[in-house]
Structure formats: C-alpha cells, structure tokens
Amino acid sequence: MANSWRRERWDSLRLLTPNWQSRLPGQDYTGPDPDGYMTMGEVVEFIERFALATRAPVRTRTTVTSVRPDGDGYHVSTDQGELRCRSVVLASGACNLATVPDLSAGVPSAVTQVTPLDYRGPDGLPDGGVLVVGASATGVQLAAELQRSGRAVTLAVGEHVRLPRLYRKRDVLWWMDASGVWDQRYDEVDDLSRARKLPSPQLVGTPERSTLDLNALTGLGVELVGRFAMVRDGVALFSGGLRNVCSLADLKMKRLLATFDEWARTSGREAEVGPPEEFPPTDVPASSRLKLDLRTGEIGSIVWATGYRPDYSWLDVPVLDGKGRLRHEGGVVDAPGLFALGLPMLRRRRSTFINGIEDDARDVIGRLVS
Amino acid sequence: MTTVDNGVNVQALLDAREVLRGAPEAAQFTWKASAKWENGVHSTATIKNFFGLGAEQSHKSETTFTADHPEVFAAEDHGITPIEYLLVGLASCLTAGVASVAQNRGIQLRSVESTVEGNHDIRGILGVDSDVRNGFNDVKVTFNIDADASKEEIEALVAQSQKRSAVYDALTNPTSVTVEVA
Ligand SMILES: Cc1cc2nc3c(=O)[nH]c(=O)nc-3n(C[C@H](O)[C@H](O)[C@H](O)COP(=O)(O)OP(=O)(O)OC[C@H]3O[C@@H](n4cnc5c(N)ncnc54)[C@H](O)[C@@H]3O)c2cc1C
C-alpha cells in the first residue's frame, strides 16, 4: 500500500501540490495547513486512511508477472497465483523506471551514477562534486538539496518549465486549477504527444512556499550548464544552447501568467488575488561551461534526473507503440476490456496528479459497468 | 480577414511532418559538398546533389563557394574564410526559421535583418596557446524584425527558430565527425 511513496522517493521529498489539492475521491485534506505540502510520511498516512475508508480489496505484496489476452478476457499471472478477468485497469503508475540517456555508458566508472529512484539523500553519495542532469521538478529539488549540504553542484539544463511557487499571492497550482488549465482535455490540446511528454514544472513544496527556479539555484551557488550532450574521452560535453532553453521557458511562463491575469479579470476574481507581478528573466551565465572533465575527481557522482517512464515488461498485450508508450484514447486502451489510469494527461491535464484520479476513475468505472 | 503571406508553404511542411512520422527512412537526408584545393589556402567547394526521401536529389543548379583567408593572414583573399561560412549558415537557417514560424503563427513579416558575430581568438589555430580553442569562443546573433506582432511574440519567434534550427543545433551541440583518406 502506498508503495511508490514509501520506497521510491527520497527522504526530504514533499508533494509539490498543496494539501487542499492533493485529494482522493471523497477524502479532502482536513488538517490545519491546507496551503502546505505533505511529507512522504503524511502521503503514506493519507493513502492508508483512504484504503481503510474504502475497504477496497487490495491484495498487497502481490506482483503481477503477466497479463495476456485469454478468450474474451485476460489471464493474469501473479507471484501469488493466477487470475482470470473480463477487464483489466492498468494503474501501475507512470514512474516505475528512471529514464537514463544512452550517453551515460560513456561516463568513467570512477563516477557513481544514481537515479532518483535510488537516491535517498546527500549522505548516500560519494565525496566530490555532483552533476545533476535535468532541471525539472526532481532535478531542481535534488540540486538545491545537494548544494545546501555543502557539495559543489553543476546542473545540466535542457528544456524546462519555469514557474513561480506563488503568483499574486496564490499558489501557482491554484491558478492552474481555478483558471481551467488543469481541465483541458487530451483531445483539446494542439500536440498531445508533446503535452504528455511535458517536463514537470520547477516547483518544490516547502513550508516557506519558496520558488525554486534557475535564478534561485544560481543564488544558492549551483552552476548552470547546457543540456548534457555527449561524453567524449571521459569529458562531458554540454550544449551551448542554454540561453535559448531559458528564453523559451521565460517566454512560456510569461504567457501562462498573462492567461491567469486575463482569467482573473474576466471572471471577476481580481479581489481574491494580489496585484500582478513580474519576474526577472533567467540570469544565464555569460559563458556557461561547455566541457567538464569527469576523470579528475572533481565530479564524484552524477544524478540522472532525466525523467521517469512506466514499466510494462509484464504486459503481454500488443498495446505499446514504437516508443514503448501505451496506446490509449483518454484511458481506453487499444484492446477490449483494457483501461488505464494514472498516466500524464490521460484525460485532462489534472490526470498527471493525485488530484486527477477522481474524475478519471469515475470515467473508467462508467465504461466498466456499461 | 487579411491573409498572412511570408512566402513559406507551411502546409507542405506540416503535411511532410505527418507523412514522415510514419516513414522515418524517408526522412534520412545526406547533404554533400565537394572541395578542391586551388593554391595556398584558397579552395573552392561545389554543391549540387544530396540524398533524401529515399533517392538521389539535386538542386536546380550547382553552386560554387570560394574560400580563402584575408590579406592580414598573408593570403590572397579570393573569398571568405571557412569559419565565416558557419556564420552564413547560422544566419540563413535562423532567418528561414523565423519566416516559417511566423507563417505558422499567422504573423506577417515586413523585414527580418540580422547581424551575426563570431568571436574568435586566433591564438588557438596559430598554436600560440594550447588552452585557447580553435573555434569560436562565442557567437552572437542580433535580429531586427519588423512584423505585425508584439515584442514578446517576436522574441518567441526567434526562440522557436533556434529550437528548430539545424545549424544552431550543429553549432551548439557536439557532433561526431570522421575524416578519412580515401
Ligand atoms: C518524484 C515524484 C514526485 C511526485 N509528486 C507529486 C505531487 O506532488 N503531487 C501529485 O499529485 N503527484 C505527484 N507525483 C505523481 C504521482 O506519482 C501520481 O500523481 C500518483 O502517485 C499516481 O498514483 P498511481 O497509483 O497511479 O501510481 P503509483 O503511485 O506509481 O502506484 C503504482 C503502483 O503499482 C505498482 N505496480 C507496478 N507494476 C506492478 C505489477 N506488475 N504488479 C503489482 N504492482 C505493480 C507499483 O509498485 C506502485 O505501487 C509525483 C511523482 C514522482 C515520481
């Protein structure tokens, strides 16, 4: 129960969605701090409470080893025995595996490589500087934590989504929710495969509700470099395009915040929020490092914060596309009686988050009973 | 309603994108140039044919490029230096990108001008100091764009054109290069 939050997250992690938003069907946050962010222990407790209340017949400690078509249903093999069923809902998560780029093969063996699924805290890494690859939610959070622990952190930055934690005195995710961004449907967006691949925003949940964009990281002393492009003879080579990925993120953030302003004006919500705010552009170093020698000991470890992907190695149904992604239309998988939940932008933008499950599950259940 | 016309056939490009999504083999292009030494540091390169869409293709006509070095390099200056060709490539690629993105976004352009500056410490190629690299230290492109669009929309055009530029990518990211003697 709550396995991913118990075993696959680092110690200091808190949700980046505020408490009032991290709700499950029929279970709202009722504690004293609706604008705060749950620790992992609190998330586990929250899910355990839900399990107790719903009394769903969960078979814990049971690993599904295969799902395959069988007559007009499916045959499910588990390490605790066999099952037959008419329908299967794949709710196995979107983040079972860490995505690590192939170029990692060229990293000298003296450098320790970890993924966020193995990382627990700064003490688990060997001495020396740390190269964090990826500047989405995971990468910026780990870069900040490692730099604060006294290590020299270099952060390789590709395309990213910049957001302030608070905008006009409200949580930026409140704006997403209230203004309808999170309600955008999968069949309404211009480029669905891009929307599903969108990196997580540079957000962190802290009691101070502080922003963790690249400017904040630079302020902590983190060195920014471009996208990690290649290892040549033990030397890491970074893209010279850092300035452009930062401009793209600045421009996108500005456009998004302008749509919030527009929404506040037209929906008569101005009184609920603070005055409009502007944020300085990302302060990109005049010349970012293009090379980093990985053989000198300067870098003791690399943290690959380069995304997650689902593991479907046990799914013996031909429903994956050429890139290993599940073929589905808003959760209805391309095979009879097969459904999916809990994937990025499955049906709406909010599907990516805990908050999205209520509506998505209701939809799938509607199809199951019809 | 006014129709935007920057002379870019965006529909053809969008159609090609759809077709190539299902046919990655056809998307494999090979661009080719042949060069010939003339004398001193003067050479000429010609370009006519390339490979793409699964077949040999050719430009309407052959183009010849002359490369040399200026007199301050004690050369005869029959043409621009090779590294200046990189600036030509970058400027024309980003400019084409601006026009295409503008067309796709319904923005009418009136003029697009740019200057490209590549800062180069020639101590590298002369072998004065092995810590100085041979190539550009940095490259700066400055666009002057007159269009029916806000400053921010124009900034977004320029940012997007970098994101989709072949030459920008080739200059900013390492590329494996093999040089052989036949
Ligand atoms: C680092 C990180 C931070 C996140 N922060 C937030 C946040 O702040 N707010 C938010 O709303 N969302 C956040 N998310 C997204 C969050 O994971 C989802 O919103 C939510 O957890 C999805 O729940 P789930 O049950 O669908 O998937 P999961 O929590 O991944 O659960 C899937 C379960 O299925 C199990 N499973 C997989 N395969 C098998 C098998 N073959 N047999 C048996 N069991 C199997 C897994 O072990 C796992 O226990 C975060 C994700 C990550 C990775």
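What you are looking at is a predicted structure, and each value in this text was computed from that prediction instead of being measured.

Rules used throughout
- Residues numbered from 1 in each chain as written.
- Chains lettered and ligands numbered in written order.
- Predicted model: local features only at pLDDT ≥ 70, side-chain atom pairs only at ≥ 80, totals over all residues.
- Heavy atoms only, no water.
- Pairing = 2+ DSSP bridges.
- Helix = DSSP H or I, 4+ residues; strand = E, 2+ residues; numbered from the N terminus.
- Near = heavy atom within 4 Å.
- Polar contact = N/O pair within 3.5 Å; in protein donor to acceptor, adjacent residues only side chain to side chain.
- Areas by Shrake-Rupley, 256 points an atom, 1.4 Å probe, with all protein chains shown as cover.
- Expected span 1.5 Å × (residues − 1).
- Buried < 20%, exposed > 50% of the residue type's maximum accessible area, 1.4 Å probe, protein only.
- Contact = heavy atoms within 4.5 Å.
- Phe/Tyr/Trp six-rings, centres within 6.5 Å; stacked < 30°, edge-to-face > 60°.
- Lys NZ or Arg CZ within 6 Å of the ring centre and 35° of its normal.
- Salt bridge = Lys/Arg side-chain N within 4 Å of Asp/Glu carboxyl O.

(A) View of the pairing of strand E3 (residues 42-52) of chain B. Residues and elements named next belong to chain B. Pairing analysis gives two bridges linking strand E1 (residues 30-31) to E3, with the strands arranged antiparallel. Across the sheet, residue tryptophan 31 finds its bridge partner in E3, namely phenylalanine 50. With five bridges joining them, strand E2 (residues 34-39) and E3 adopt antiparallel strand pairing. Along E3, the bridge assignment pairs tryptophan 37 with serine 43. Turn length for the E2-E3 hairpin, with the two strands adjacent in sequence and antiparallel, is two residues, and the turn residue glycine 40 shows positive phi of about 60 degrees. The loop that links E3 with its antiparallel partner strand E4 (residues 55-67) comprises two residues; one of these, leucine 53, has a positive phi angle of about 55 degrees.

(B) Up close: the site of the ligand. Residue and element names in this part refer to chain A. Taken together, 22 residues lie near the ligand, and Ser4, Leu16, Thr17, Val64 and Ile354 sit nearest. Within the backbone of threonine 352, one N or O atom sits 3.4 Å away from an oxygen atom of the ligand. In isolation the ligand has 980 Å² of accessible area, and contact with the protein removes 76% of it. Looking at the shell around the ligand, the element that brings in the most residues is helix H1 (residues 3-7), giving three residues.

(C) Fine view of helix H4 (residues 151-163) of chain B. An ideal rise of 1.5 Å per residue puts 18 Å on 13 residues; H4(B) measures up with 19 Å between its terminal C-alpha atoms. The complete set of buried residues in H4(B) reads B:Ile154, B:Ala156, B:Leu157, B:Val158, B:Ala159, B:Gln160, B:Ser161, B:Gln162 and B:Lys163. Residues of H4(B) that are buried sit in contact with helix H7 (242-266) of chain A together with helix H2 (82-104), strand E5 (109-119), strand E6 (138-147) and helix H5 (166-172) of chain B.

(D) A look at the packing of aromatic side chains. Residue and element names in this part refer to chain A. Across all of its chains, the model carries 14 aromatic pairs over all chains by this definition. Aromatic side chains tryptophan 182 and phenylalanine 353 sit 4.5 Å apart centroid to centroid with 20 degrees between the ring planes, which places their arrangement in the stacked category. Of this pair, tryptophan 182 sits in the loop between helix H4 (172-178) and helix H5 (192-197) while phenylalanine 353 sits in the loop between strand E19 (338-340) and helix H8 (357-369), and the two are 171 residues apart along the sequence. Among the aromatic residues, ring-to-ring pairing joins Tyr167, Trp174, Trp175, Phe260, Trp263 and Phe279 into one connected group. Geometry around tryptophan 5 places arginine 9 over its ring, the cationic atom sitting 4.3 Å from the centre.

(E) Spotlight on helix H3 (residues 137-148) of chain A. Taking 1.5 Å per residue, 12 residues should reach 16 Å; H3(A) reaches 17 Å between its end C-alpha atoms and fits that length. Two residues or fewer past H3(A), A:Gly150 is found with a positive phi of approximately 100 degrees.

(F) Summary view of the pattern of salt bridges. Residue and element names in this part refer to chain A. Applying the stated criterion to the full structure yields 33 salt bridges over all chains. The salt bridge partner of glutamate 272 is arginine 170, with a shortest N-O separation of 3.8 Å. Of this pair, glutamate 272 sits in the loop between H7 and strand E14 (291-293) while arginine 170 sits in strand E10 (residues 170-171), placing them 102 residues apart in sequence. Here arginine 362 makes a salt bridge to glutamate 358, at a shortest N to O gap of 3.2 Å. On the criterion of helical spacing, the pair formed by arginine 362 and glutamate 358 is a turn pair, its members being four residues apart in helix H8. Arginine 362 sits in the exposed class, given a relative accessible area of 54%.

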